[in-house]
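# Chain and residue survey
Next come the chains, spelled out residue by residue.
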Amino acid sequence: MLDPALLREHLDDVRARLETRSDEHNADLDRLMKADRERRAILPELETNRRARKLVGEQVARARKAGENGGKLAELMQTGQEHGAVIKALETRLGSVEEERDACAHTLPNLPHASVPVGSSEADNVEIRRHGEPPRFDFDPRPHWELGPALGIIDFERAVRMAAARFAVLTGTGARLARALINFMLDLHTGEHAYTEIEPPFLANAAALTGTGNLPKFEQDLFKVAGDWDLYLIPTAEVPLCNLHRKEILDGRLLPARYVAYTPCFRSEAGSYGKDVRGLIRQHQFDKVELVAYAAPETSWDVHEELTLHAEEVLKRLGLPYRTVLLCTGDMGFAASKTYDIEVWLPGHDAYREISSCSNTEAFQARRAGIRFRRDGKGKPEHVHTLNGSGVAVGRALVAILENCQQRDGSVVIPEVLRGYMGGLEVIEPVR
RNA sequence: GGAGGGAUGGCCGAGCGGUCGAAGGCGGCGGUCUUGAAAACCGUUAGCGGGGAAACUCGCUCCAGGGUUCAAAUCCCUGUCCCUCCGCCA
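Residues numbered from 1 in each chain as written. Chains lettered and ligands numbered in written order. Predicted model: local features only at pLDDT ≥ 70, side-chain atom pairs only at ≥ 80, totals over all residues. Heavy atoms only, no water.

In this section: the nonpolar core. Membership of the largest hydrophobic core comes to 52 residues, with the highest contact counts inside it found for Leu181, Met185, Ile355, Val392, Leu398, Leu402 and Leu418. At the level of elements, α5 (144-151), α7 (173-191), β9 (285-295), α10 (300-318), β11 (338-346), β12 (351-360), β15 (385-393) and α12 (394-404) are the ones that each hand at least two residues to this core. Sort the elements by how many residues they give to this core and α7 lands first, with nine residues. Apart from the residues lying within four places of it in its own chain, the contact partners of Leu418 are Leu177, Ala180, Leu181, Phe184, Leu318 and Ile401. (Core = buried A, V, L, I, M, F, W, Y, C linked by side-chain atoms within 4.5 Å. Buried < 20%, exposed > 50% of the residue type's maximum accessible area, 1.4 Å probe, protein only. Helix = DSSP H or I, 4+ residues; strand = E, 2+ residues; numbered from the N terminus. Contact = heavy atoms within 4.5 Å.)

In this section: the pattern of salt bridges. Counting across every chain of the model gives 25 salt bridges. Here Glu38 and Lys34 are joined by a salt bridge, their closest N and O atoms 3.2 Å apart. Here the residue Glu38 and the residue Lys34 both occupy positions in helix α3 (residues 26-65), the gap between them amounting to four residues, near one helical turn. Glu38 gets classed as partly exposed once you look at its relative accessible area, which sits at 31%. With a shortest N-O distance of 2.7 Å, Glu192 and Arg317 are connected by a salt bridge. You can see Glu192 sitting in the loop between α7 and β4 (196-197) and its partner Arg317 sitting in helix α10, a full 125 residues away along the chain. Through salt bridges with shared partners, a single network forms among Glu127, Arg130, Arg323 and Glu343. (Salt bridge = Lys/Arg side-chain N within 4 Å of Asp/Glu carboxyl O.)

A few words on the packing of α3 against helix α4 (residues 71-107). For the pair α3 and α4, interaxial distance at closest approach is 7 Å and the crossing angle is 155 degrees. One element, α3, and the other, α4, form an angle in the roughly antiparallel class. Considering how the two elements wind past one another, α3 and α4 form a crossing that is left-handed. Residues that form the contact of α3 with α4 fall into these classes: 19 nonpolar, six polar and 14 charged. (Axes fitted to C-alpha atoms, helices over the stretch in contact; angles between N-to-C directions. Parallel < 35°, antiparallel > 145°, perpendicular 65-115°, else oblique. Left-handed = near helix turned anticlockwise from the far one by under 90°. Nonpolar A, V, L, I, M, F, W, Y, C, P; charged D, E, K, R; others polar.)

Here chain A shows a mean pLDDT of 93. Residues at 70 or above account for 100%. The ipTM, which scores confidence in the relative placement of chains, is 0.86 for this predicted complex, and the corresponding pTM is 0.93. (pLDDT = per-residue confidence, 0-100.)

For the rest of this paragraph, the subject is the state of the cysteines. Counted under the stated rule, the structure contains zero disulfides. Free of any disulfide, Cys328 has its nearest neighbouring cysteine sulfur in Cys358, separated by 17 Å. Take Cys328: its relative accessible area is 0%, and that puts it in the buried class. (Disulfide = S-S within 2.5 Å.)

Within strand β8 (residues 257-266), nine of the 10 residues are buried, leaving the element largely enclosed by the surrounding structure. Strand direction decides the pairing type here: β8 and β9, joined by 10 bridges, are antiparallel. Bridge pairing links Ala261 to Glu290 in β9. (Pairing = 2+ DSSP bridges.)

Every one of the 22 residues lining RNA strand B counts as a neighbour, but Arg39, Arg51, Arg64, Arg372 and Arg374 are closest to it. With respect to RNA strand B, the side chain of Arg8 contributes an N or O atom lying 3.3 Å from a phosphate oxygen. The contact in question runs from a sugar or linking oxygen of RNA strand B to an N or O atom on the side chain of Arg39, over 2.8 Å. Those elements that place two or more of their residues in the surface near RNA strand B are α3, α4 and β13 (371-374). Grouping the constituent residues of the surface near RNA strand B by class yields five nonpolar, three polar and 14 charged. (Near = heavy atom within 4 Å. Polar contact = N/O pair within 3.5 Å; in protein donor to acceptor, adjacent residues only side chain to side chain.)

A separate point is the packing of aromatic side chains. As enumerated under the stated definition, the model contains five aromatic pairs in all. Here the aromatic rings of Tyr259 and Tyr294 are separated by 5.9 Å at their centres, their planes lie at 90 degrees, and the arrangement is edge-to-face. Here Tyr259 is found in strand β8, whereas its partner Tyr294 is found in strand β9, with 35 residues between them in sequence. Each member of the pair, Tyr259 as well as Tyr294, is classed as buried. Feature note: the residues Phe218, Phe334 and Phe364 constitute an aromatic cluster, connected by ring pairs. Lying over the aromatic face of Tyr195, Arg258 brings its terminal NZ or CZ to 6.0 Å of the ring centre. (Phe/Tyr/Trp six-rings, centres within 6.5 Å; stacked < 30°, edge-to-face > 60°. Lys NZ or Arg CZ within 6 Å of the ring centre and 35° of its normal.)

Below, the structure written as structure tokens:
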């Protein structure tokens, strides 16, 4: 949600900045401002009537106490009743105006930060830095969807039979490799980057999903639980982690607060058919270790840089080549003010592919979710800034290891940092 | 799933139709006293939305949403959550 004061005072500026995003927002913006004006017109009238009713009530009480019970009293009650009718009518109107206002406010995306390049697609993103060299093979590297089944660690066919397309089964060493990655990442972020580990619910309600910005606009991306439940499978641990402090006022002295969680993530991927149909890249269910930070406004941009480096550190230690890209206005997510994508090199795709996305949403989510803090633990509550980043996507990391660490004979060398988590195993050998 | 009990300010807890945004206590903050601290005492201490340059002022808020009433923390209905007992269960 955008800052209402900013909208009232700098509407044209907001309009221009929203225009740099891909969608059209003028209609919603105009509806929002109209509802806001109506609301502010109704309010004084409502309050005058409520005040009048209150005074009448007090007069009735006093008259009663004085033993009055004749026409005077009846007259007072009559005027009270009239105020009541006016109040009820105004409240009804106010209710629908506020509903309209909130509906519009919830569909408007965040404003891009001034440092974000203006652009319309992926092609306008700006590379910030690279780390590592793509490996050179003296043979034709194979994609992971061939390597995985050949190694006997990924099974796509059985997953389809028990669930549907775009699910996968990891077996034996494959399952252990995923678990090793999860544990390695959690240990790194908790042990060296000072994040607090959380195991949250894997289902979230509509209020939580509205707080992060997934609802109301992107319901088609979510799996909703059937039956009489107001619950969805989480599309990312960002949802529970950002809602950990929903409707709370935090002690500013404890900021920045950092949380890390491993969770499976569930996405319907509606409308993405034909894209990345092969392999583990785009699944309905995938594992992810997620980083979330709550920061005071003046430190959030430093925390953003830091959080991005925390995610990069995972790839550095795994020995995977990657680059970090600053997303342009047209490629950013709904809630983000600024986003770095970390893209890992995939020999099977002969391209860098997203493995992490690190965003500062500033107060956008905090306003929706009612997350505030008090400086020094006292004073006026202000909205915090919330940040999130993958640290990193487990399935894609597994893909990157298979494709980057493959050898001519089809075996895969396990990165050293994972071997302790794999019972000392150094190489995954193909099934004979 | 069945039967009861509950939800009040940062926390505990009173109030059970009228002047209650709410007694009292704890905690926090400021002060008096003290070389300093503790104790004691005094004062102060919610959020949101309007208006105002400000002092300030008006309204809303006692789990949430409806209702009754001139008037609701207080009465009625619905929902959510928590507790106790029974059943079931990893």
